[in-house]
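# Coordinates in review
These are the residues of each chain, in order.
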Amino acid sequence: MALTKEERQKLYAQAKQLRNDIVDVTSWAGGAHIGGGLSVIDILTILYFKYLRIDPKNPCWEDRDRLVLSKGHAAVAYVPVLARRGFFNVEEMKTFNKFKSPFGMHPDSKKVCGCDASTGSLGHGLPMAVGMALGARVLGKDIKVYCVLGDGECNEGSIWEALMAAAQFKLTNLITIIDRNRLMIDGPTEKVMGVEPLPDKLKAFGMEVVTVDGHDMDGLSEGIDKALAGKEKPVVVLANTVKGKGVNFMEDQVPWHYGSIDAALKEKAHGSIEKMYEAILKGVSS
Amino acid sequence: MTEGTGTTWTCYDAATMTAREIYGRVLAEMGKTNPSIVGLSADLAKSTSISFFEKAHPTRFFNVGIAEQNLMGIAAGMAKMGLIPFASTFAVFASMRAAEQVRTDICYQNLPVKIIATHGGISFGAAGTTHHCTEDIAIMRSFANMTVIIPADGTETANAVRACVDLPGPVYIRVGRGFEPPFYESADYGFQIGKAKTVQDGSDLAIITCGIGVLQSVEAARTLKEADGLSVRVINMHTIKPIDSDAIMKALTDTRRIITVEEHNTLSGLGSAVADVIAESGKGCAFRKLGLPDVYSEVGYPEDLYAHYKLDANGIIDTIREVMKIEFEEDEDWEDEV
């Protein structure tokens, strides 16, 4: 179902707050995977604030939808999302990376309330999500399992093992979203180890592919709706994104895969986000 | 074994069926009363005998194809949903091809995935090193939260499989290819995870062993009693982690001579786990480890390989005779050694 005007406004405003949170957490933490956090944040925002059937007051609710953040290094985005969704106090984010904090560079499901799977080692999340989707079927429960992958992560053979299994088992309750920001640590994905033609590869593995703009809430919503309506084949939403999106000096810049920011850069980053959303929020209000 | 015998396992079966066959049947039987049990394999359902479970509970069994990383990841995901997955493949693939998935997806999240690894050690004889596994104890015992069990035979495998379901965390059970002779005559000998079983008492020397070593050690002890008049204790250390320190310490103080026998690299296996306990106690004893001496295994029939690596009764006897020659201060004052 298309987004209502209120939903659209709410989602963009939420994403704006979360982008600012990512900048803050990066500064508190002394460094973070900020580039990939900013590319995936709109995907996480729409999932947590529109689609996921979850109850932060009852985080272990057995029948909740599950989300596996396979690109676990995006904890810098994930932790603020869970905090703003009400799983824990936003003040707790200040402990990020500190001694014995529940929050480090990669999420720990035993420590982070609302986190469904410990991830960070790439290529592990999708197999676990396949297991969750299969498990829901065995239990006869209408549970959706969402899995968010990085594009560089698609170099891992285990991702393709899992895709093969998702198709074989016809897991239409599994919705895979790829954050296609086109950069990995050592450079552009196509230079380091190309994944293209990605849609063709995914289709050849038995997936249905929906390509969307990963920063456009209406596009994401349309893609996820299509995935949820899938009856035969599991759907992959291929979300084209920009690494560092919203902070102009980080956008599409390889070195901002992981970085730290001082007070001046932090102010600049917040300013850039403010500027981007000025136009966006104006657009969605009209 | 004939079709139509059902899935009920009996003592009679223990004498005629292999350890992995018993495993498959016991699991199928457990699946009847426990709907949380699901089965998984990676194109080795028949070879690992989990196919008995598949036949009995087809909607709760999944073959992921030749993809061991995915096998363990999927098992972790299913456990996250509240199920109890039994994942079966060969020990070499479970412990090495999918080691990181076992460690990060299963053990780190402390999930109740039960890995039943077959063809452990050098039991796959002629298949050679690619299909042997003499490293899994070392790997699996280094993963926090993991319980590691190597049953002596089919009967003990059945006991271990039954007992492991109640543990809240991950378990690794290693069995052989399935042609190993039985040791126990009855399942009713008080099997308990983490509690070693003294299968023969003795006071001159203690053998601490697991798996196929149990039967061979008892045979060695019998010969040594008759030929040399030696009183040899045989301890079945079926659970390597958590290890039964009390049984080791009792053997140490009672006999002061210990050898370990395992189908594994002598570096970091059962022998090393026993040595850890002895070293930390500050008490000394004559000590030898039998196993593969940090080499890759040869090809051959398992019995020839066991003889080659001194893991059969003859090899154990030779080693014990050497260890009995070691002289050391045999006073009762332990304090000066601490």
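Being a predicted model, the structure only gives us computed values, none of them experimental.

## Focus: the packing of aromatic side chains
Within the structure shown, the criterion is met by 10 aromatic pairs over all chains. Ring centres of Phe88 of chain A and Phe103 of chain A lie 4.9 Å apart, and the angle between their planes is 35 degrees; this geometry places the pair in the tilted category. Separated by 15 residues along the polypeptide, Phe88 of chain A in the loop between helix H3 (75-84) and helix H4 (125-138) and Phe103 of chain A in the loop between H3 and H4 bring together distant segments of the chain. Assigned by exposure class, Phe88 of chain A and Phe103 of chain A land together as buried. Look at Tyr184 of chain B and Tyr189 of chain B: their rings are 3.7 Å apart centre to centre, the planes differ by 5 degrees, and that puts the pair in the stacked class. A relative accessible area of 11% places Tyr184 of chain B in the buried class. Of the aromatic side chains, those joined through ring pairs into one cluster are Phe88, Phe96 and Phe103 of chain A.

## Re helix H2 (residues 34-51) of chain A
Residues and elements named next belong to chain A. Compared with the 26 Å implied by 1.5 Å per residue over 18 residues, the 24 Å span of H2 between its first and last C-alpha is a close match. The largest bend in H2 amounts to roughly 45 degrees and is located at Val40. For H2, the buried fraction is high: 17 of the 18 residues fall into the buried class.

## Considerations on the confidence of the model for chain B
As a note on interpretation, predicted positions should not be read in detail where pLDDT is low. All names here are of chain B. Across chain B, the average pLDDT comes to 93, with 93% of residues at or above 70. Considering only residues more than four positions removed or in separate chains, one finds that residues 1-12, a stretch of pLDDT under 50, has 26 contacts. In the predicted assembly, ipTM is 0.96 and pTM is 0.95.

## Quick notes on the pattern of salt bridges
The tally for this structure, following the rule as stated, stands at 27 salt bridges over all chains. The residue Asp142 of chain A makes a salt bridge to Lys144 of chain A at a minimum N-O spacing of 3.4 Å. Asp276 of chain B serves as the salt-bridge partner of Arg141 of chain B, at 3.8 Å between the closest nitrogen and oxygen. Of the two residues, Arg141 of chain B is situated in helix H8 (residues 136-141) and Asp276 of chain B in helix H12 (residues 270-281); the sequence distance between them amounts to 135 residues. Via salt bridges that share partners, Asp151, Arg180, Arg182, Glu190 and Glu196 of chain A belong to a single interconnected network.

## Focus on the pairing of strand E12 (residues 286-292) of chain B
Residue and element names in this part refer to chain B. For strand E11 (residues 257-265) and E12, the ladder comprises 6 bridges, and the chain directions are parallel. Of the residues in E12, the one forming a bridge with Ile259 is Arg288. Crossover E11 to E12 through H12 is right-handed.

## Here's the deal with the sheet that holds strand E3 (residues 174-180) of chain A
Residues and elements named next belong to chain A. One open sheet holds the 5 strands; their spatial order is E1-E2-E3-E7-E6, and the pairing between them is parallel. Since the sheet does not close on itself, it has two edges, and those belong to strand E1 (66-69) and strand E6 (208-213), each with one partner. Within this sheet the neighbouring strands show an average axis-to-axis angle of 20 degrees, counted without direction. By the bridge criterion, 6 bridges tie strand E2 (residues 145-150) to E3 in an arrangement that is parallel. Looking across to E3, one finds that Val145 is bridged to Leu174.

## Notes on the nonpolar core
Ranked by internal contacts, the top residues of the largest apolar core, which has 89 residues, are Leu174 and Leu202 of chain A together with Leu40, Met72, Ile115, Met146 and Tyr172 of chain B. The leading source of residues in this core is H4 of chain A, at 8 residues. Contact partners of Met72 of chain B, with chain neighbours within four places excluded, come to Ala87, Ala94, Ala98, Gln101, Val102, Ile106 and Ile115 of chain B. In this structure, Val23, Leu44, Met93 and Val210 of chain A belong to the second largest nonpolar core, which totals 64 residues.

## A closer look at the side chain of His257 of chain A
All names here are of chain A. Mapped onto the elements of the fold, His257 is located in the loop between strand E7 (235-240) and helix H9 (263-285). Engagement of the side chain of His257 in a polar contact is seen with the side chain of Lys243, the distance being 2.8 Å. Ignoring any residue separated from it by four or fewer positions in sequence, one finds His257 in contact with Ala32, His33, Ile34, Gly35, His73, Ile185 and Lys243.

## Comments concerning the interface of chain B and chain A
With 24 residues of chain B at the contact, the number on the chain A side is 25 residues. Both faces combined, the contact of chain B with chain A buries some 2100 Å², and carbon together with sulfur accounts for 63% of it. The interface formed by chain B and chain A holds 0 salt bridges in total. Where chain B touches chain A, the interface holds 9 residue pairs in polar contact (both at pLDDT 80 or more). In terms of residue count, the dominant contributor to the side of chain B that touches chain A is helix H5 (residues 68-80) of chain B (9 residues).

## Here's the deal with the side chain of His215 of chain A
Residues and elements named next belong to chain A. Relative to the assigned elements, His215 resides in the loop between E6 and helix H8 (217-229). The class of His215 is buried, set by a relative accessible area of 11%. At 2.9 Å, the side chain of His215 forms a polar contact with the backbone nitrogen of Val242. Those residues within four positions of His215 in sequence are excluded, and the remaining contacts are Tyr12, Arg19, Leu38, Ser39, Asp42, Asn240, Thr241, Val242 and Lys245.

## Structural notes on the environment of Leu149 of chain A
Residue and element names in this part refer to chain A. Topologically, Leu149 is positioned in strand E2. Spatially, the C-alpha atom of Leu149 lies 6.8 Å from that of Leu69, the residues being 80 residues apart in sequence. Each residue touching Leu149, except ones within four places of it in the same chain, is listed here: Ser70, Lys71, Leu126, Cys154, Ile159, Thr176, Ile177, Ile178 and Asp179.

## Some points on the sheet that holds strand E5 (residues 147-149) of chain B
Within a sheet, each strand pairs with its neighbour through backbone hydrogen bonds, oriented either parallel or antiparallel. Residue and element names in this part refer to chain B. A sheet is described by the order of its strands in space; here 7 strands give the open sequence E2-E1-E3-E4-E6-E5-E10, paired in mixed fashion. Among the strands making up the open sheet, the edge pair consists of strand E2 (61-63) and strand E10 (239-241). Taking each pair of neighbouring strands and ignoring which way they run, the sheet shows an average axis angle of 20 degrees. Relative to strand E4 (residues 114-118), strand E3 (residues 84-90) is paired through 5 bridges, and the arrangement is parallel. Considered in E4, the bridge of Ser88 is made with Ile116. Helix H2 (residues 19-33) contacts strand E1 (37-41), E3 and E4 of the sheet and is inclined by roughly 165 degrees relative to E3.

Analysis parameters
Residues numbered from 1 in each chain as written. Chains lettered and ligands numbered in written order. Predicted model: local features only at pLDDT ≥ 70, side-chain atom pairs only at ≥ 80, totals over all residues. Heavy atoms only, no water. Phe/Tyr/Trp six-rings, centres within 6.5 Å; stacked < 30°, edge-to-face > 60°. Helix = DSSP H or I, 4+ residues; strand = E, 2+ residues; numbered from the N terminus. Buried < 20%, exposed > 50% of the residue type's maximum accessible area, 1.4 Å probe, protein only. Expected span 1.5 Å × (residues − 1). Bend = angle between axes of the 7 residues up to and from the residue. pLDDT = per-residue confidence, 0-100. Contact = heavy atoms within 4.5 Å. Salt bridge = Lys/Arg side-chain N within 4 Å of Asp/Glu carboxyl O. Pairing = 2+ DSSP bridges. Right-handed = clockwise from strand over helix to strand, strands pointing away. Axes fitted to C-alpha atoms, helices over the stretch in contact; angles between N-to-C directions. Core = buried A, V, L, I, M, F, W, Y, C linked by side-chain atoms within 4.5 Å. Polar contact = N/O pair within 3.5 Å; in protein donor to acceptor, adjacent residues only side chain to side chain. Buried area = accessible area lost by both parts, 1.4 Å probe.

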